[in-house]
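# Understanding the architecture of this molecule
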Amino acid sequence: MKLALIGYGNVGRALARLLRRKRRQFPFTITGIHTLRHGTAVDPRGLPENPQMGPRAESIGAFLDVAGAQAAVELTTLNPSTGEPAISHIRSAFARGMHVVTANKGPIAHCYAALREEAEHAGVGFRFESAVMDGAPVFNLWRHTMPGVNVLGFAGALNSTSKVVIETMERGGSFEDGLAQARRLGITEADGTYDIEGWDSAAKTAALANVLMDARTTPQAVSTRGIGRLTPENVQELMRKGKTVRLISRGKRTGSRLSLRVRAEVLDRADILACTPGTSNIILFDTDLMGTFGTVSLDPQVEQTAYGVFSDLVELEGRTPWSAAGPPAGD
Ligand SMILES: NC(=O)c1ccc[n+]([C@@H]2O[C@H](COP(=O)([O-])OP(=O)(O)OC[C@H]3O[C@@H](n4cnc5c(N)ncnc54)[C@H](OP(=O)(O)O)[C@@H]3O)[C@@H](O)[C@H]2O)c1
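Residues numbered from 1 in each chain as written. Predicted model: local features only at pLDDT ≥ 70, side-chain atom pairs only at ≥ 80, totals over all residues. Heavy atoms only, no water.

### Brief notes about the site of the ligand
In the vicinity of the ligand there are 25 residues, among which Tyr 8, Val 11, Arg 37, Thr 76 and Glu 189 approach most closely. Backbone polar atom of Asn 10 to an oxygen atom of the ligand: 3.0 Å apart, as the coordinates give it. Between the ligand and Arg 56, the relevant distance is 3.2 Å, taken from a nitrogen atom to a side-chain nitrogen or oxygen of the residue. Protein burial of the ligand: of its 910 Å² of free accessible surface, 88% is covered by the chains. In the shell around the ligand, the residues fall into seven nonpolar, 13 polar and five charged. (Near = heavy atom within 4 Å. Polar contact = N/O pair within 3.5 Å; in protein donor to acceptor, adjacent residues only side chain to side chain. Areas by Shrake-Rupley, 256 points an atom, 1.4 Å probe, with all protein chains shown as cover. Nonpolar A, V, L, I, M, F, W, Y, C, P; charged D, E, K, R; others polar.)

Quick look at the structure:
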C-alpha cells in the first residue's frame, strides 16, 4: 500500500523507521511527505527516510493528487480548539477515495461521528488508534474484542507530559525541568501548554466519549483544569503524606446525562491510576457486562505511537498483524 504522510515530525519519522524495519513482512511505501515549513517530497517509487524536501505543494489537495497513494496518514500538530487543519486534510483524502489513519486526536474529539459517516459514504477506512494511549489497544480493543459490552464510564491517566512534570518536581526539580525532560522524550505537544492546562487530556476525553459512548461532544464541553498551579513544594508535601497528583480524565453516563472532566486529582500513591511509573498511561473502563477493566502502557515512547499508526495501516490493508506474522524473528 502506498502512503501519503501529512506531517513528518516525531511520529512521522518514527513511523518511517518502523516501516523500514518491517518492510519485508509489510511492504508499505511512502510516496509523499507534506509538511508546514519543510516543504513537500513526492516519489512514486518510494521516499527514503530522510528525503530531500522540495517546495511546498500549494494545497493539501494538490499534494494528495500527486502523491498517488491509497492511504493518507495525518500526523500534523494537535489543535484542540478546532481540530483543524487536520479535519480538512482528512476530508480531502476521503474526497479522493483514500483511506485515512491519524494519530491526531483533534478530529476525533471534534467531529468523529461526521467523519465516520463520510468515510463510510466514500467507501474508505478511517482509523485513529494512536489518538489515545499510542499503540496500546483502546479503540481497536472495542472494535475487535468486546461484543455486546456497553461503556458506562472511564477513568484514565492519559497525559505523559504532566506525569513527567509531577515526578520531576517530586524529585526536587522545577516545573520547567519537567517540561524540558518531556520535550526531550518527544512526548510533548508542539505547544506544551496544551499538556499542562489539560487541553490534550480534554481532547482525549472527548475522543473517548465520542467513539465509545456516542457522545458527539467537543473538548470545550469537557470541564477541564490542568496542573499549572502545582509547585515542587505542593507535590513534595503530598508525597510525604503518601499521596501524589495525576491529571485524570473521567467520563460517566448517569441516565441520559454524560459528565466529562479533567482534573489534577490528589491520589494515594497506591491508587491504580497513580502507581504506573514515568510516561506510563492507564485507562479503566466501567462496563455493563465486563465490570471494570483496563489497558496499561508502561513507559510508551514515540515508537509506540508509530506502532498504533502501523497497526491501523495493517488492518486497513486487510491483513491482521497475526495473520501476516510470518517467522517470529521477522524484523
Ligand atoms: N509525539 C507523541 O508521542 C504523540 C503521541 C500520540 C499522538 N500524537 C499526535 O501525533 C501528531 C503528530 O505529533 P508529532 O509529535 O509528530 O508532532 P511534531 O513533531 O510537532 O510534527 C508535526 C508535523 O506536522 C507538520 N504540520 C503542522 N501543520 C501542518 C500543516 N498545516 N500542513 C502540513 N503539515 C503540517 C509539521 O511540519 P514542519 O515539520 O514543517 O513543522 C511537522 O512535520 C499530533 O497530532 C500529536 O497530538 C503524538
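### Re the environment of Ala 57
When you line up the elements, Ala 57 lands in the loop between strand S3 (40-42) and helix H2 (60-67). With 133 residues separating them along the chain, Ala 57 and Ala 190 place their C-alpha atoms 23 Å apart. With residues near it in sequence (within four places) discarded, Ala 57 still touches His 34, Thr 40 and Phe 63. (Helix = DSSP H or I, 4+ residues; strand = E, 2+ residues; numbered from the N terminus. Contact = heavy atoms within 4.5 Å.)

### Some details on the environment of Phe 139
Mapping Phe 139 onto the fold places it in helix H5 (residues 139-145). Put simply, Phe 139 and Leu 208 are 69 residues apart on the chain and 8.2 Å apart in space, counted from C-alpha to C-alpha. Every residue in contact with Phe 139, bar those within four places of it in the chain, is listed here: Phe 128, Glu 129, Ala 131, Val 132, Ala 207, Leu 208, Val 211 and Leu 212.

### Quick word on the packing of aromatic side chains
Within this structure, the stated rule accounts for ten aromatic pairs. When the ring of Phe 94 is compared with that of Phe 126, the centres are 5.6 Å apart and the planes differ by 90°; the resulting orientation is edge-to-face. With Phe 94 in helix H3 (residues 86-95) and Phe 126 in strand S6 (residues 126-127), this pair connects stretches of sequence that are 32 residues apart. By relative accessible area, Phe 94 is classed as buried at 5%. (Phe/Tyr/Trp six-rings, centres within 6.5 Å; stacked < 30°, edge-to-face > 60°. Buried < 20%, exposed > 50% of the residue type's maximum accessible area, 1.4 Å probe, protein only.)

### Digging into the confidence of the model for the protein chain
Here the protein chain averages 93 in pLDDT, while 96% of its residues score no lower than 70. Contacts from residues 321-330, a stretch scored under 50 in pLDDT, to residues over four places away or in other chains number ten contacts. (pLDDT = per-residue confidence, 0-100.)

### Focus on the packing of H3 against helix H4 (residues 105-122)
Viewed as axis vectors pointing N to C, H3 and H4 meet at an angle of 5°, and their least axial separation amounts to 11 Å. Overall, the two elements H3 and H4 adopt an arrangement that is roughly parallel. For the pair formed by H3 and H4, the contact residues are Ala 86, Ile 87, Ile 90, Arg 91 and Phe 94 on the first element and Pro 107, His 110, Cys 111, Ala 114, Leu 115, Glu 118, Ala 119 and Ala 122 on the second. Of the residues belonging to the contact of H3 with H4, the class tally is ten nonpolar, one polar and two charged. (Axes fitted to C-alpha atoms, helices over the stretch in contact; angles between N-to-C directions. Parallel < 35°, antiparallel > 145°, perpendicular 65-115°, else oblique.)

### Topic: the pairing of strand S2 (residues 29-34)
Across the six residues of S2, five count as buried, placing the element largely inside the fold. The parallel pair strand S1 (residues 2-6) and S2 is bridged by helix H1 (residues 10-21), and the resulting crossover is right-handed. Sheet topology places S2 next to S3; three bridges connect them, and they run antiparallel. Of the residues in S3, the one forming a bridge with His 34 is Thr 40. Hairpin connection from S2 to S3: five residues lie between these consecutive antiparallel strands, with Gly 39 at a positive phi of about 90°. (Right-handed = clockwise from strand over helix to strand, strands pointing away. Pairing = 2+ DSSP bridges.)

### Looking at the packing of H1 against helix H11 (residues 302-316)
Direction vectors running N to C along H1 and H11 enclose 70°, while the axes themselves pass 8 Å from each other. Classed by the angle they form, the pair H1 and H11 counts as roughly perpendicular. Along this stretch, H1 crosses H11, giving a crossing that reads as right-handed. Counting all contacts with H1, which are made through Asn 10, Val 11, Ala 14, Leu 15, Arg 17, Leu 18 and Leu 19, the residues of H11 involved are Val 302, Glu 303, Thr 305, Ala 306, Tyr 307, Val 309 and Phe 310. Its residues assigned to classes, the contact of H1 with H11 comprises ten nonpolar, two polar and two charged. (Left-handed = near helix turned anticlockwise from the far one by under 90°.)

### With respect to the environment of Gly 9
Mapped onto the elements, Gly 9 comes out in the loop between S1 and H1. Expressed as a C-alpha distance, the spacing of Gly 9 and Arg 56, which sit 47 residues apart in the sequence, is 16 Å.

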